[in-house]
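Residue-level listing of the chains:
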Amino acid sequence: MASWGEASESRLIGKRITRLSGKDKVTGKAKYTFDINRPGMLYGRILRSEVARATVMGVDTSEAEALPGVKAVIPLIEIGNQLRYQGQEIAAVAAETDDIAKDAIRLIHVDLEELPHVVTEADAMADSAPQIREDWAGNQSEPNIREDGNLQAGFTEAAVEVEATYHTPVQTHVCLETHGHVVEWEDEQNLTIWASTQGVFGVRNDFAQHFELAPNQVRVITEHMGGGFGSKFGPGIEGRTAAELSRITGKAVKLMLTRKDEHLVAGNRPSMTQNVRAGATRDGRLIAYDMKGHGTGGISSGAGFPAPYVYHVPNLRTERVNVAVNAGNQRAMRAPGHPQAAFAMDSLMDELAEKLGMNPLEFRRINDANEVRQAQYTLGAQEIGWQRRNNVPGSGSGVKKRGMGVGSGQWGGGGGRGTEARVTINSDGTVEAVTGTQDIGTGVRTVIAIIVAEELGLAPTDIMVKVGDSQPGLQSGGSGGSQTTPSVAPVIKTAAAAAKQKLFERIAPMLEAPVGDLRVGTGTIYVVSDRTKTITWEQAAGQLGMESISEGGHWDEELRQNGAAGTQFAEVEVDTQTGALKVIKIVAIQDCGLAINRLTTESQVNGGVIMGLGQAILEERVMDPVTGRMLNANLEDYKVPGTFEIPEIKSIVFDTHRRVTGVGEPPCIPTPGAIANAVYNAIGVRIRELPLTPDKILTALAEKKA
Amino acid sequence: MSDKEKKQGTSISRRNFLKGVGTGTVAATVVPSVLIGSEEAAEAQAGDAISTATIQLNINEKMYEVEVEARTTLLTVLRDGTDTSGDNVDLTGAKLICDRGECGGCTVMVDGKSVYACMMLAIDAQGKKITTVEGLANGDDLHPVQEAFIQHDALMCGFCTPGFIVSSAALLNENKKPTLEEIKTGLSGNTCRCGTYPFIFDAVKTASRKM
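Here the structure is a predicted model, which means the values were calculated and not measured.

Colleague: Any chance you could break down the overall build of chain B for me, citing the residues and the numbers?
Modeller: When helices and strands are tallied, chain B shows 8 helices and 5 strands. Ordered by position in the sequence, the α and β elements of chain B form the string α-α-α-β-β-α-β-β-β-α-α-α-α. Looking at chain B as shown, the accessible area adds up to about 8,800 Å², and 49% of this sits on carbon and sulfur atoms.

Written out as structure tokens, the structure reads:
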């Protein structure tokens, strides 16, 4: 049975290893798609709709075409078709410089017949709303209904009840490198694409299908990638447009979205509204849960969320619908559906606990079947100093009031089959590890090096890792769902083990020892029964001559595990005069199985907490119902966390077993709930809508007084 | 204002706006979106040949001669500029992220002080000493800030990293031993979306001890 071995035997796995790409990233040498400059390259731009809903009556591109430096102008929508959200594509240009492309876009004249729009859920659900999706009566999808147990009996048994509405708004991903591509056709049958993507093979296959080419005629390269968070799968319209502009002009074309485009069309986290009625028994058991909810993913569906979340309720009924609005489509965003579900559930848990007169942590212990989180509750309470919290919410003295809260989360992250990899040992002692995954900032390149180096007795920096290129033809899946490391690590491990075995077979005769007696040391190979027979790695590899060893691997279920439980505790301080909320400390305890690289795992946990913090206190897409436009499609008005918002973060890598579990998403899940509960504990008034901005806090305080 | 501009009334293209106001921090001002594609905007562009100038810039202690328009930003020269000798400048460490002086991804040093390269016109950078992230290391010897960023894993995707590195180096130029609050203030003009801030703070502290 394959195993990662005991922690005590690991030289590298589980330690803190600096990432291989560090030097390139700190010196500016790392080349992202945005940085690719090809000879004679043109710059692409897309003209987008400024209105939320209209029929296209005409597009006049003649002036744009006449502008010196413009090489191509192509329409992206047919006359007579409907534009359904701000930002939808109308036409594209390619020009010698980005500034000329910008000028050319302004010279395209568009004749539109505006149609009535809806950009908020409330407007879309109103009786008088225009129908914006022909297949959805009342702009709502068919309800998704789930029933379990006996709801009425559950409420009869309940000693306390809470009825409340929780809401989280649409958030955008804010990838710092916008979505985009550089496309270059070598001839009519072969093209190379530098793509800012989370999945090189997905992009390759999409391009191949679109242009009716064989997959191996399309090469996709993603050496470094500037943030995706779930929004960068597939080339999108902008990718195909870049390829089309390149094909027409015969030149390489770079087409990156603008910051505004990125907010409007490159995906978002759907909103969530839950109208919940729930009950618990006197002894603290959740007993009944009735939820009617909705969310919007723009014009598309996909606004689902799990409810109830994490905690078990025996009697329930849930009903969810998607609401269509005239806004850009949702895309997966870091733990899709979960952070918003966790915020609602953890708020509800605290409200029920208070009605029972029970410590909210104790109430969770009773209702949470997960043993890992049970241990995390104990550890987290110690770390944050749970006994310091206000027993009576809002009872602190002074203008600035402190409070504490807790939140929980659950994710899968078990990986899957489908990754191919090769580990090659050359006679000069060099080692290559090649696979088709991509390093989107998670550090998987370094994880691969650590695994191979551990297996072969080398240093991570000795391993040449090649990822982010479809050309070697070694497939791997997209980097999403916290699946990368658990999908890739087992294959790399077994490939390295197979290469080592082959090397042992080749050098066993020279060492006059059975293959089974050979072991790797640190940069050496020795015979376990006779340590005088030790040779250096280079000597061993030197025996290979012209024949390199190159071995593949396989995915082994025993090397990974599904299921990542998380718990976070927050301490906050609220200024009751200004409404300013300062998060003082977050304790984040994240179950992650075997952390191959503890350093980069901590980075992942920090990053998840900070994204959750943004959702909790800052982030919201603001739509103007009158004009149908997004009012904050930039980085001034759409706030993401900056240095001043960062609390003390204690990230605890809670490694519960020796199997790999992905951890990219789960650390962002419990944060908003923990912070919202801490705010309640501080001021004694509940805010059921994110983000927790000063205006909401002041309004809530005023209502409490009144 | 010229007669022509007066006639156009409220219609302003980015280029004419720049001409009218002169140079400075207006580089990132965008045309109001209502004008995009409008007749006024087109009129503002038509028959208005783009004038260029050849300027010299001292970047990372090397002189470049580049042809620029009035509107060309320093960042555009660094990333997309071509020296009159025909070589691309190709200093792509500084990134364009927000395009309006909000995120710090394009931070470079101009005469030792951190500057948003997206907000500075190239012509205003003449006669000044420009240092980009590529110019911080001394050959293979990394700047202490760069070393510390690697050591503390103060980067993930790395797209914001060049801006943070330059801002951190500029901060330490002015304040050798910053407190945590001073680090937060010094780097408040930079944005990271992966959430690497805690380790960035650690890295700057480590670098300050080594400098």
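The rest of the description comes next.
Colleague: How would you sum up the overall build of chain A? Please name residues and give values.
Modeller: Looking only at helices and strands, chain A has 17 helices and 28 strands in total. At 28 Å, chain A has a C-alpha radius of gyration in line with the 27 Å of a compact globule built from 706 residues. Expressed along its principal axes, the backbone C-alpha trace of chain A runs to roughly 90 × 70 × 45 Å. Out of the 706 residues in chain A, the part that is buried amounts to 63%. Across chain A, the fraction of contacts at a sequence separation of at least 24, relative to all contacts at a separation of at least 6, is 79%. In chain A, which carries 71 positive and 86 negative side-chain charges, the distance between the mean positions of the two groups comes to 5 Å.

Colleague: Tell me what's going on with helix α8 (residues 197-210) of chain B, and back it up with residues and numbers.
Modeller: Given a rise of 1.5 Å per residue, 14 residues ought to cover 20 Å, and the 20 Å separating the end C-alpha atoms of α8 of chain B matches this to within 8%. Where burial is concerned, most of α8 of chain B is hidden: 10 out of the 14 residues are buried. Of all the positions in α8 of chain B, only Y197, P198, F199, I200, F201, A203, V204, T206, A207 and S208 of chain B are classed as buried. The secondary structure elements touched by the buried residues of α8 of chain B are α15 (598-617) and β28 (648-654) of chain A together with α5 (144-151), α6 (161-174) and α7 (180-186) of chain B.

Colleague: Residues and numbers for the confidence of the model for chain B, please.
Modeller: Summary statistics for chain B give a mean pLDDT of 83 and a share of 77% for residues scoring 70 or more. Low pLDDT, under 50, characterises residues 1-47 of chain B; the stretch is placed with 70 contacts to residues that sit more than four places away or in other chains.

Colleague: Describe a positive patch on the surface, with residues and values.
Modeller: A contiguous patch of positive charge, built from K176, K177, R209 and K210 of chain B, is present on the exposed surface. Along the chain, K176 of chain B turns up in the loop between α6 and α7.

Colleague: Hey, could you go over the packing of helix α10 (residues 360-367) of chain A against helix α11 (residues 371-384) of chain A for me, with residue numbers and the actual values?
Modeller: Residue and element names in this part refer to chain A. Look at α10 against α11: their axes get within 10 Å of each other, and the N-to-C directions meet at 165 degrees. Relative to α11, the element α10 is oriented roughly antiparallel. The interaxial crossing formed by α10 with α11 has left-handed handedness. In this structure, α10 uses L361, R364 and R365 to contact α11, whose residues at the interface are Q374, Y377, T378 and A381. Within the contact of α10 with α11, the residues separate by chemical class into 3 nonpolar, 2 polar and 2 charged.

Colleague: Tell me about the domain arrangement of chain B, and name the residues and values.
Modeller: Residues and elements named next belong to chain B. Split into domains, chain B comes out as domain 1 (3-45), domain 2 (52-135) and domain 3 (144-210). The gap between the C-alpha centroids of domain 2 and domain 3 is 22 Å. At the interface, 16 residues of domain 2 touch 14 residues of domain 3. Summing both partners gives a buried area of about 1,100 Å² for domain 2 against domain 3, and 60% of it is carried by carbon and sulfur. Put simply, domain 2 and domain 3 have 1 salt bridge between them. Along the contact surface separating domain 2 from domain 3 lie 5 residue pairs in polar contact (both at pLDDT 80 or more). Listed by contribution, the elements that provide at least two residues to the side of domain 2 that touches domain 3 are β3 (107-110) and β4 (113-116). Class assignment of the residues belonging to the side of domain 2 that touches domain 3 gives a composition of 6 nonpolar, 7 polar and 3 charged.

Colleague: Outline the nonpolar core, listing residues and values.
Modeller: In terms of nonpolar packing, the biggest core is built from 143 residues, with Y289 and I675 of chain A together with F149 of chain B touching the most fellow members. Membership of the second largest hydrophobic core comes to 50 residues, among which are A449, V491, A496 and L559 of chain A.

Colleague: So, unusual backbone geometry: which residues are in play, and what are the values?
Modeller: Between A307 of chain A and P308 of chain A the backbone carries a cis peptide bond, its omega angle lying at -5 degrees. In this fold, P308 of chain A is placed in the loop between β16 (286-296) and β17 (315-323). L690 of chain A connects to P691 of chain A through a cis peptide bond whose omega is -10 degrees. Among the structural elements, P691 of chain A can be located in the loop between α16 (671-683) and α17 (694-705). The residue A335 of chain A is not glycine, and still its phi comes out positive at about 60 degrees. Secondary-structure assignment places A335 of chain A in the loop between β17 and α9 (338-356). Judged by relative accessible area, A335 of chain A falls into the buried class, the value being 0%. A positive phi angle is found at N60 of chain B, which is not glycine, with a value near 50 degrees. With respect to the helices, strands and loops of the structure, N60 of chain B is situated in the loop between β1 (52-59) and β2 (62-69).

Colleague: A description of the interface of chain B and chain A should follow, citing residues and the corresponding values.
Modeller: Facing 54 residues of chain B, the contacting portion of chain A comprises 63 residues. Buried surface at the junction of chain B and chain A, both sides included, amounts to about 5,200 Å², of which 57% is carbon and sulfur. Sorting the residues of chain B by area buried against chain A places M156, F159 and R193 of chain B first, and these three jointly supply 17% of that buried surface. Counting the contacts that link chain B with chain A gives 8 salt bridges. With a shortest N-O distance of 2.7 Å, R193 of chain B and E619 of chain A are connected by a salt bridge. Summed over the shared surface of chain B and chain A, the result is 25 residue pairs in polar contact (both at pLDDT 80 or more).

Colleague: Any chance you could break down the domain arrangement of chain A for me, citing the residues and the numbers?
Modeller: Residue and element names in this part refer to chain A. Structurally, chain A comprises domain 1 (7-30 + 415-559), domain 2 (33-115 + 179-256) and domain 3 (268-413 + 561-705). Between the C-alpha centres of domain 2 and domain 3 there is a distance of 38 Å. Contacts between the two partners involve 10 residues from domain 2, matched on the other side by 12 residues from domain 3. In total, domain 2 and domain 3 occlude about 1,000 Å² of area from one another, counting both sides; carbon and sulfur atoms represent 52% of this. A salt bridge links R629 to E50; the nearest nitrogen and oxygen atoms lie 3.7 Å apart.

Colleague: Break down the environment of G267 of chain A for me, with residues and values.
Modeller: All names here are of chain A. Note on placement: G267 falls in the loop between α8 (259-265) and β14 (268-269). For the pair G267 and V174, spaced 93 residues apart in sequence, the C-alpha to C-alpha distance is 9.3 Å. Those residues in contact with G267 that lie beyond four places of it in its chain are T172, H173, N329, Q330 and R331.

Conventions adopted
- Residues numbered from 1 in each chain as written.
- Chains lettered and ligands numbered in written order.
- Predicted model: local features only at pLDDT ≥ 70, side-chain atom pairs only at ≥ 80, totals over all residues.
- Heavy atoms only, no water.
- Helix = DSSP H or I, 4+ residues; strand = E, 2+ residues; numbered from the N terminus.
- Areas by Shrake-Rupley, 256 points an atom, 1.4 Å probe, with all protein chains shown as cover.
- Rg over C-alpha atoms; globule rule 2.2 N^0.38 Å.
- Buried < 20%, exposed > 50% of the residue type's maximum accessible area, 1.4 Å probe, protein only.
- Contact = heavy atoms within 4.5 Å.
- Lys, Arg positive; Asp, Glu negative; His and termini not counted.
- Charge placed at Lys NZ, Arg CZ, Asp CG, Glu CD.
- Expected span 1.5 Å × (residues − 1).
- pLDDT = per-residue confidence, 0-100.
- Patch = residues over 30% accessible without salt bridge, like charges linked within 9 Å, V, L, I, M, F, W, Y side chains within 5 Å.
- Salt bridge = Lys/Arg side-chain N within 4 Å of Asp/Glu carboxyl O.
- Axes fitted to C-alpha atoms, helices over the stretch in contact; angles between N-to-C directions.
- Parallel < 35°, antiparallel > 145°, perpendicular 65-115°, else oblique.
- Left-handed = near helix turned anticlockwise from the far one by under 90°.
- Nonpolar A, V, L, I, M, F, W, Y, C, P; charged D, E, K, R; others polar.
- Domains from an automatic or database assignment.
- Buried area = accessible area lost by both parts, 1.4 Å probe.
- Polar contact = N/O pair within 3.5 Å; in protein donor to acceptor, adjacent residues only side chain to side chain.
- Core = buried A, V, L, I, M, F, W, Y, C linked by side-chain atoms within 4.5 Å.

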